[in-house]
Amino acid sequence: MQTDMPHLITPSILSADFGHLQEVCEMINKSEADGFHLDVMDGIFVPNISFGFPVIKAIQQHTKKPLDVHLMIVDANKYLERFKDVGADILTVHIEACANMQRTIDAIRKLNMQVCVAIKPQTHISILAEIISDVDAVCIMSVNPGFGGQTFIEGTLKKVQDLKAIILSRKANALIKVDGGIDLSNYMSVVNAGADILVTGTAVFGAKDPVKAIEALKINVGL
Ligand code: DX5
Ligand code: ZN
């Protein structure tokens, strides 16, 4: 299945060189990337700690491209406004970390940010049925959240296809984002399954020429 809209690429800076953040921003700015994917981890929801407000704010000062902040934290509700203040355009929140997903969705909307709901590989898409019409996107994790550089879980493709069918049958507008383990060898199968947005970390920052890697990942080679 192919979508009409060309797929988007949002590099995850998790595997970038944090000693040269400004250059990372400039590289993404001049590339064909459609935005930044910023992975915030608290050491509780996931077994890793990444970065927080100051880093997001620094990135915001060096780009006009949208910032998608992927919250892998408990108690996201406490910090929604602060993420808005440092420049988040899209908040991606895990359904497994929210006591009341609808309340979190409404709070994000009130702050004029886009809402994306993320699910871990073990979470079934049926959990999304009640909220699919209320979100801008769903993020299907194709690795266990917490680390860059993991292997893509193949079962994700079926999940993406099934979610696409639900979105179409409900006439919902939610986009499908897939995050983790995506590279040049598998990105088109993810797009063909129905994904609109691909998050890519290692495939971009592990490449000799990250701008060229992004360009390659944007090419829709068809079925
Ligand atoms: C994993 C993160 C991903 C990850 C993507 O918890 O949410 O965004 O950094 O990186 P790669 O492409 O290396 O899997
Ligand atoms: Zn992520």
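These remarks concern the structure in this document. Along each chain, residues carry numbers from 1 onward, in the same order as the chain's sequence is written. Each chain is given a letter, starting from A, and each ligand a number, starting from 1, according to the order in which they appear as written. Thresholds applied to this predicted model are a pLDDT of at least 70 for local features of residues and 80 or more for the giving and counting of side-chain atom pairs; totals over whole chains, interfaces and linings are not thresholded and use all residues. Based on all heavy atoms of the structure, the side-chain values leave hydrogens and waters out of the count.

1. Examining the coordination of the zinc ion (ligand 2)
A 2.8 Å cut-off from the metal defines N, O and S donors, relaxed to 3.2 Å for Na, K and Ca; water is not in the atom list, so some sites may appear incomplete. Distances from the zinc ion (ligand 2) to its protein donors, H37 (NE2), D39 (OD), H70 (ND1) and D179 (OD), fall at 2.1 to 2.3 Å. Geometry assignment treats four donors as tetrahedral when all angles are between 85 and 135 degrees, treats four as square planar and six as octahedral when opposite donors are over 155 degrees apart and all others between 65 and 115, and treats everything else as irregular. If you look at the zinc ion (ligand 2), its six donor atoms make angles of 71 to 172° with each other, and the shape they trace is octahedral. If you list the donors of the zinc ion (ligand 2) from N- to C-terminus, the spacing comes out as H-x1-D-x30-H-x108-D.

2. Some words on the nonpolar core
Membership of the largest hydrophobic core comes to 65 residues, with the highest contact counts inside it found for I13 and F83. The contact criterion used is simple: two residues touch if any of their non-hydrogen atoms lie within 4.5 Å. Leaving out residues up to four positions away in the same chain, F83 has contacts with V40, F53, I56, V69, L71, I73, A88 and L91. In this structure, I90, C116, A137 and C139 belong to the second largest nonpolar core, which totals seven residues. For this analysis, a nonpolar core means a set of buried residues of the types Ala, Val, Leu, Ile, Met, Phe, Trp, Tyr and Cys, connected via side-chain atoms within 4.5 Å. Exposure classes here rest on a 1.4 Å probe applied to the protein chains alone. A residue is buried below 20% of its type maximum, exposed above 50%, and partly exposed in between.

3. So, the site of ligand 1
If a single non-hydrogen atom of a residue is within 4 Å of a molecule or strand, that residue counts as near it. In the neighbourhood of ligand 1, 20 residues make up the surrounding shell, with G146, G149, D179, G201 and T202 lying closest. Under this definition, polar contacts are N or O atom pairs within 3.5 Å; protein pairs additionally need one hydrogen-donor-capable and one acceptor-capable atom, and for neighbouring residues in sequence, both atoms have to be side-chain atoms. Backbone polar atom of G149 to an oxygen atom of ligand 1: 2.8 Å apart, as the coordinates give it. Note that an oxygen atom of ligand 1 is positioned 2.7 Å from one of the side-chain N or O atoms of D179. Where accessible areas are quoted, they stem from the Shrake-Rupley method and a 1.4 Å probe; at the residue level, only the protein chains shown are allowed to cover. For ligand 1, whose accessible area on its own is 380 Å², the fraction buried by protein is 99%. Counting atoms within 2 Å of the grid points, the majority share of ligand 1 lands in the largest pocket. Only protein atoms enter the 1 Å grid, on which a cavity is a set of points fitting a 1.4 Å probe that cannot get out and a pocket is an open set with protein on both sides within 12 Å along at least 5 of 7 lines, lining residues being those with an atom within 4 Å of a point. To decide whether a molecule occupies a pocket or cavity, check its atoms: if more than half lie within 2 Å of the grid points, it is inside.

4. What to know about the layout of surface pockets
There is about 310 Å³ of room inside the largest pocket. Residue lining of the largest pocket: 27 residues in total, with F147, G148, G149, G180 and G181 positioned closest to the centre. By the criteria applied, helices consist of DSSP H or I runs no shorter than four residues and strands consist of E runs no shorter than two, each listed in order from the N terminus. Elements with a minimum of two residues in the lining of the largest pocket: strand 2 (36–41), strand 3 (67–72), strand 8 (197–200) and helix 7 (202–205). Looking at which element gives the most residues to the lining of the largest pocket, the answer is strand 2, with three residues. Here the term charged refers only to Asp, Glu, Lys and Arg, the term nonpolar to Ala, Val, Leu, Ile, Met, Phe, Trp, Tyr, Cys and Pro, and the term polar to all other amino acids, Gly among them. Here the lining of the largest pocket is composed, by residue class, of 10 nonpolar, 14 polar and three charged. Grid points are joined across faces, edges and corners, and a volume is the space filled by probe spheres set on the points.

5. As for the sheet that holds strand 8
Note on pairing: DSSP must find at least two bridges between two strands before they are called paired. In spatial order, the strands read 1-8-7-6-5-4-3-2; together these eight strands make up an open sheet with parallel pairing. Each having just a single partner strand, strand 1 (8–11) and strand 2 make up the two edges of the open sheet. Ignoring strand direction, the axes of neighbouring strands in this sheet form an average angle of 25°. Here strand 2 runs beside strand 3; their pairing, made up of six bridges, is parallel. Bridge pairing links D39 to H70 in strand 3. To define axes, lines are fitted to C-alpha atoms, for helices over the stretch in contact only, and angles between the resulting N-to-C directions are given on a 0 to 180 degree scale. Those strands touched by helix 8 (residues 210–218) are strand 1 and strand 8, and its axis lies near 150° from that of strand 1.

6. Considerations on helix 2 (residues 53–60)
Since the α-helix advances by 3.6 residues per turn, residues separated by three or four positions end up pointing in the same direction. When we look at burial in helix 2, the residues that qualify are F53, V55, I56 and I59. On an axial view of helix 2, the arc spanned by its buried residues comes to 165°, and they lie on one face. By definition, the arc is the one covered by directions from the helix axis to the C-beta atoms.

7. A short note on the pattern of salt bridges
Think of a salt bridge as a Lys or Arg side-chain nitrogen and an Asp or Glu carboxyl oxygen that are within 4 Å of each other. For the coordinates displayed, the defined rule picks out six salt bridges. The residue K158 makes a salt bridge to D162 at a minimum N-O spacing of 2.8 Å. Of the two residues, K158 and D162 are both situated in helix 5 (residues 156–169); the distance of four residues between them amounts to about one turn of the helix. Classification of D162 by relative accessible area gives partly exposed; the value is 30%. Residues K212 and D209 are paired through a salt bridge, measuring 3.7 Å at the closest nitrogen-oxygen approach.

Purely geometric numbers; function is a separate question.
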